[in-house]
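Structure assessment
Here is what each chain is made of, one letter per residue.
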Amino acid sequence: ASLVAVANGSTASFWNPAGIASLQRQEVSLNHASGTGDINYEHLAFVLPVRRLGGSLAFQLGVLSTTMNETDELHPFGTGRSFAYSDMLVGAAYARRWTDKLLIGFGAKLVREDLGSDVDGPTTNAFLVDIGSIYYLGYGSVRIATSLNNFGSQLKPAGSFQSVGSRPRSYDGFDPPTVFRYGIAFEPLENTQQRLTTSLEINQPADNAQLVKLGMEWTWLHRIALRSGYNFNADELNFSAGAGLYAKVGQSQATVDY
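Our subject in this report is the structure included herewith. What you see is a predicted model, and the numbers here were worked out from it, not measured in a lab. (Residues numbered from 1 in each chain as written. Predicted model: local features only at pLDDT ≥ 70, side-chain atom pairs only at ≥ 80, totals over all residues. Heavy atoms only, no water.)

Quick notes on the overall build of the protein chain
Basically, it comes down to this: Under the DSSP-based scheme used, a helix requires at least four consecutive residues in state H or I and a strand at least two consecutive residues in state E, with every element numbered from the N terminus. Relative accessibility under 20% of the residue-type maximum defines a buried residue, over 50% an exposed one, and the middle range a partly exposed one, all with a 1.4 Å probe and only protein chains included. Contacts: residue pairs with any heavy atoms within 4.5 Å of one another. With residues, only the protein chains shown are counted as cover, and all accessible areas are computed by Shrake-Rupley using a 1.4 Å probe. Lys and Arg are tallied as positive, Asp and Glu as negative. Neither His nor the chain termini are counted. Every charge is mapped onto a representative atom, which is NZ of Lys, CZ of Arg, CG of Asp or CD of Glu.
Counting its secondary structure elements, the protein chain contains 1 helix and 15 strands. Scored against the burial criterion, the 258 residues of the protein chain give a buried share of 34%. Considering only contacts in the protein chain between residues 6 or more positions apart, those separated by 24 or more positions represent 42%. For the protein chain, the exposed area adds up to about 15800 Å²; of that, 58% sits on carbon and sulfur atoms. Of the charged side chains in the protein chain, 19 are positive and 23 negative; the average position of the first set lies 13 Å away from that of the second.

This is the structure in C-alpha cells:
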C-alpha cells in the first residue's frame, strides 16, 4: 500500500491519522486479510466528525491472530497441544484542518500481545502513539504527507522462563514496529467522469531497510475503481492490484474493496 498521502477514509487512523480530518460525515470500515500460515487480521474503524472540536475523532480495533502447535526441547515435533497467538490494538485519534492547506492528526493506542497464555506463555502490553500531517502545496491537487506510527516504549513480558538445564531468566524486551512514512500524491487526471490518483511513498522502519512504494488508482463515474501498486524493495510479492465498487444506499455511501 502507498497510502500516507492518500489516506482519506476511516482507515486513515491506521495509515496516517491526519487523513480523517478530510471526512465530512460518519464513516465505518471493516477489513479482513488472510495470510500464509493461517494468519488472519481483522480491523474495524469508525470516524465521527465533531464540529465543537473543530475536527474529527476516529476509533479503531485490530486483531492479528493464528493458532500454532506447541513444541519444546524434548518434543520438537509437537507436544500434542496447540495455542493461540494474537496481537490486539485499541486506539483513538483526532485530526483537524489547521489551515486550508494543512491537516494534522495524532492518535494513541494500546497494544496487547498474547504469546500463548493458554499454555503458560507470556503476555505484554504497550502504549503507542501515531502522528501525521498532510499539506496541499497549492498546485492542483498535489499534497505531501508524513506520519510516524507505533512510537513508544519497549514491549517486555512480565515474569520469567526456564529452559531445560538452565536457570530461570527474565524475558527480553523488544521495540515496537516504529515506522516513519513520507510521500507525495496528486491527480494527473480528474473530471466529472474519471479520476486518476498517483502516489509515491517511502517507508523507513526503525529496525529494517527502507521501502519505496508506488501506487495508482483509477475511478470511473465514482462507481468502480481499479488499483495497482509496486514495492521496489521487495524480493517477492512486489506487485499488487485490487478493485473497488461504489454504491449509494439511501443517504449512505457503501464501498466494497478487494
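Next comes the rest of the write-up.
Notes on the nonpolar core
Rules: Residue types Ala, Val, Leu, Ile, Met, Phe, Trp, Tyr and Cys, when buried and joined through side-chain atoms within 4.5 Å, form a set referred to as a nonpolar core.
Counting residues in each nonpolar core, the largest one holds 17 residues, and the members touching the most others are Ala5, Ile20, Val47, Ala58, Leu103, Ile134 and Ala145. In this structure, Ile20 is in contact with Gly9, Ala12, Ser13, Val47, Ser56, Leu57, Ala58, Ala93, Tyr94 and Ala95, ignoring residues within four places of it in sequence. Formed by 5 residues, the second largest nonpolar core is a distinct cluster that contains Leu89, Ala126, Leu128 and Leu155.

Points about the packing of aromatic side chains
Our working rule: Any pair of Phe, Tyr and Trp rings, taking the six-membered ring for Trp, is counted once the centres come within 6.5 Å. Such a pair is stacked with planes under 30 degrees apart, edge-to-face with planes over 60 apart, and tilted for the rest. Put simply, a charge is over a ring when the Lys NZ or the Arg CZ is close to the ring centre, within 6 Å, and near the line of the ring normal, within 35 degrees.
In total, this model carries 4 aromatic pairs according to the counting rule given. Ring geometry for Tyr230 against Phe232: centres 5.1 Å apart, planes inclined by 75 degrees, an arrangement best described as edge-to-face. A cation sits over an aromatic face here: Arg96 above Trp98, 4.6 Å from the ring centre.

Some points on the pattern of salt bridges
Filter applied, for reference: Just to be clear on terms, a salt bridge is a Lys or Arg side-chain nitrogen sitting within 4 Å of an Asp or Glu carboxyl oxygen.
Here the structure, examined in full by the defined rule, presents 9 salt bridges. Asp130 is the salt-bridge partner of Lys109, the closest N and O atoms lying 3.0 Å from each other. Of the two residues, Lys109 is situated in strand S5 (residues 102-115) and Asp130 in strand S6 (residues 123-136); the sequence distance between them amounts to 21 residues. For Arg143, the salt bridge identified is with Glu187, shortest N-O distance 2.7 Å. Taken together, the residues span a long stretch of sequence, with Arg143 in strand S7 (residues 143-152) and Glu187 in strand S10 (residues 179-190) at a distance of 44 residues. Both residues of the pair, Arg143 and Glu187, belong to the buried class. Taken together, the shared-partner salt bridges connect Arg195, Glu217, Arg227 and Asp257 into one network.

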